[in-house]
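Here is how the chains run, residue by residue.
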Amino acid sequence: MALLRYAAKVSLVSIGGLHIPLTPFLLRRPACWHLLAVSLSLAAALRPHASRRMQRTASRPTARCQSHSAAGRRLTEALPRCRLQEPPLPPRRASFVGHCKLRIGDPIASAKLSMQGEGTSSMSLGHRSTESTFTVEADTGTHTFEIDDYNLTKNLISVGNFTRSTTFNVGGVNWAIRFYPNSTCLLFRNSVAVCLELMSSNAEVSAHYNIQFMGSRYPKMDSQLSWLSSEASCLFSSSDLSDGSYLPIRHMGYLLRDLLEQWFVHNDHVTIHCDLTVIRKPTLFQNMAQTEISIPPSDFTMHFGKLLEDKKGADVTFVVEGQNFDAHKAVLAARSPVFMEKFYGSMTRETETGSVIVEDMKPLVFKSLLHFIYTDMLLETFDPLGHDYIEMIKNLLVAADTYAMDRLKLMCESILAKKLSIENVDEFMDIAQRHSGHKLKEACIEFMASLSERDFTRTCGKIKSSDSSFLIAVFDRIKRIKKN
């Protein structure tokens, strides 16, 4: 009843900006009493905050605020038994006005926000851009395993036995390809099998491989018939070899023998190709994003090549079969110890006239030698696929050995090693022995050791009797291959 009496004296209740008129119709509704009780509780909770606000606005009071405050006090006194817990003081609200400018991705981005309320404040936000990189180091290599006399190999090797390719190195470890001409067991005796084998001891690596037969009568079959590693990478461990019964079933590829002989056997010859990628330890590193300044590639060789072409400051002339080549003593001496001794050593008197005669060398070979001294590159004069190019490289190797140009000599050896064939292996071996081409000699030995028995016999007939040391080295290499 006390609530009714005090409610009758109040015509309007204002809560949080919401004005509720109390009409007689509403007062007869039970829901209205519930709403009124909640409203009064909220009014009691907001009274301290309202009092502070009224103090701040005391300089401009209104009759409406005074009447509402008085009504609120009367209604609050009328409900001394209301035990609703007072909520905490709500935070002050401030409306944001103005503009925010923020560029995402800049090294430093700032934003200023103006807040309107009790006062105005300014806030600066700093943004730092960073980046991280995940890299996986991997070594990739290929190996081709060619099998001559396929039918003889099939008849000599029983079920479960295999023939193995020479070892090849990828990722710092040795590998080999196994070929089972009569499969790995009697269950698959109508098939052939191939697999990849880790040959290094005390090693464990992850690798991805692709093994396939090559040379099909149907070119599309070369790419469609292959054995990929079942996962992104497979784990190979040398511990699998410890008991001598290594049989990598999960790395094994099978093919019906009839299909192999129909598609891939040509002239009793089979070719197996393997692409191998050995995965090293992945690395994750973080670095700050910085402004990158582009640096052009070195133009050192271009300037020295122009110096040779323009002949400015040249102080020595070489005469080669009647042709003159002007050069600079300091440049030649810096690149070759032979020229250093000739121009600035005990042989200085021979060059005081400023002219040097070069014998036993073609003008084009000497021009290529000078071009390499000044630019560290080979002179592109001949077609790399032509016969004249091979002759040029052989003569340039001799010149490099004469003037102790080790890098040029190795480059020539590398080119000749890629051109090895049954027809020229004896000639290349003779050049390697006469001019200390150790790398070319090793390449010739490996080439001879990899030949089939028929080709090996035919090639040995061409080798001079004075090259017995070469043949001895070849036989030693073949023995080591068979042991593995």
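Residues numbered from 1 in each chain as written. Predicted model: local features only at pLDDT ≥ 70, side-chain atom pairs only at ≥ 80, totals over all residues. Heavy atoms only, no water.

A. Geometry of the layout of surface pockets. Estimated volume of the second largest pocket: approximately 1500 Å³. Together, 37 residues line the second largest pocket, and Glu146, Ala449, Ser450, Leu451 and Ser452 are the ones closest to its centre. Elements represented by at least two residues in the lining of the second largest pocket include exactly strand 5 (130–148), helix 5 (150–156), strand 6 (163–164), helix 15 (438–449), helix 16 (453–460) and helix 17 (468–483). Residue classes in the lining of the second largest pocket are distributed as 15 nonpolar, 11 polar and 11 charged. (1 Å grid on protein atoms, 1.4 Å probe; cavity = no way out; pocket = protein on both sides within 12 Å on 5 of 7 lines; lining within 4 Å. Points joined across faces, edges and corners; volume = space filled by probe spheres on them. Helix = DSSP H or I, 4+ residues; strand = E, 2+ residues; numbered from the N terminus. Nonpolar A, V, L, I, M, F, W, Y, C, P; charged D, E, K, R; others polar.)

B. Fine view of the environment of methionine 340. Along the chain, methionine 340 turns up in helix 10 (residues 337–344). Judged by its relative accessible area of 39%, methionine 340 is partly exposed. Along the chain, methionine 340 and lysine 329 lie 11 residues apart, while their C-alpha atoms are 8.3 Å from each other. (Buried < 20%, exposed > 50% of the residue type's maximum accessible area, 1.4 Å probe, protein only.)

C. Seen up close, the sheet that holds strand 16 (residues 323–327). Spatially, three strands are ordered 16-15-17 in an open sheet, and the strand pairing comes out mixed. In the strand order of this sheet, the two ends are held by strand 16 and strand 17 (355–358), each with one partner. Going from strand to strand, the sheet's axes swing by 25° on average, the running direction of each strand aside. In the sheet, strand 15 (residues 316–320) pairs with strand 16 via five bridges, with the strands oriented antiparallel. By the bridge assignment, valine 320 is partnered in strand 16 with glutamine 323. (Pairing = 2+ DSSP bridges. Axes fitted to C-alpha atoms, helices over the stretch in contact; angles between N-to-C directions.)

D. Layout of the pattern of salt bridges. Counted under the stated rule, the structure contains 13 salt bridges. Where aspartate 376 meets arginine 407, a salt bridge forms, and the shortest distance between an N and an O atom there is 3.1 Å. Separated by 31 residues along the polypeptide, aspartate 376 in the loop between helix 11 (363–375) and helix 12 (387–402) and arginine 407 in helix 13 (residues 406–418) bring together distant segments of the chain. A relative accessible area of 47% means that arginine 407 is categorised as partly exposed. Ionic pairing is found between aspartate 430 and arginine 434, a salt bridge with its closest N-O pair at 3.0 Å. Linking aspartate 430 with arginine 434, this pair stays in helix 14 (residues 425–434), spanning four residues, or about one helical turn. One continuous salt-bridge network, built from bridges that share partners, spans Arg164, Arg178 and Glu197. (Salt bridge = Lys/Arg side-chain N within 4 Å of Asp/Glu carboxyl O.)

E. Structural view of the confidence of the model for the protein. In the predicted model, the protein carries a mean pLDDT of 74, and 63% of its residues have values of at least 70. Note on residues 1–10: pLDDT under 50 across the span, and 15 contacts to partners over four residues away in sequence or across chains. In the predicted structure, residues 74–124 sits below a pLDDT of 50 and forms 58 contacts with residues beyond four places in sequence or in another chain. (pLDDT = per-residue confidence, 0-100. Contact = heavy atoms within 4.5 Å.)

F. Fine view of the environment of threonine 459. Here threonine 459 lies in helix 16. Taking C-alpha positions, threonine 459 is 9.8 Å from serine 421, a pair spaced 38 residues apart along the chain. Beyond its immediate chain neighbours, meaning those up to four positions away, threonine 459 contacts Ile422, Val425, Met448 and Leu451.

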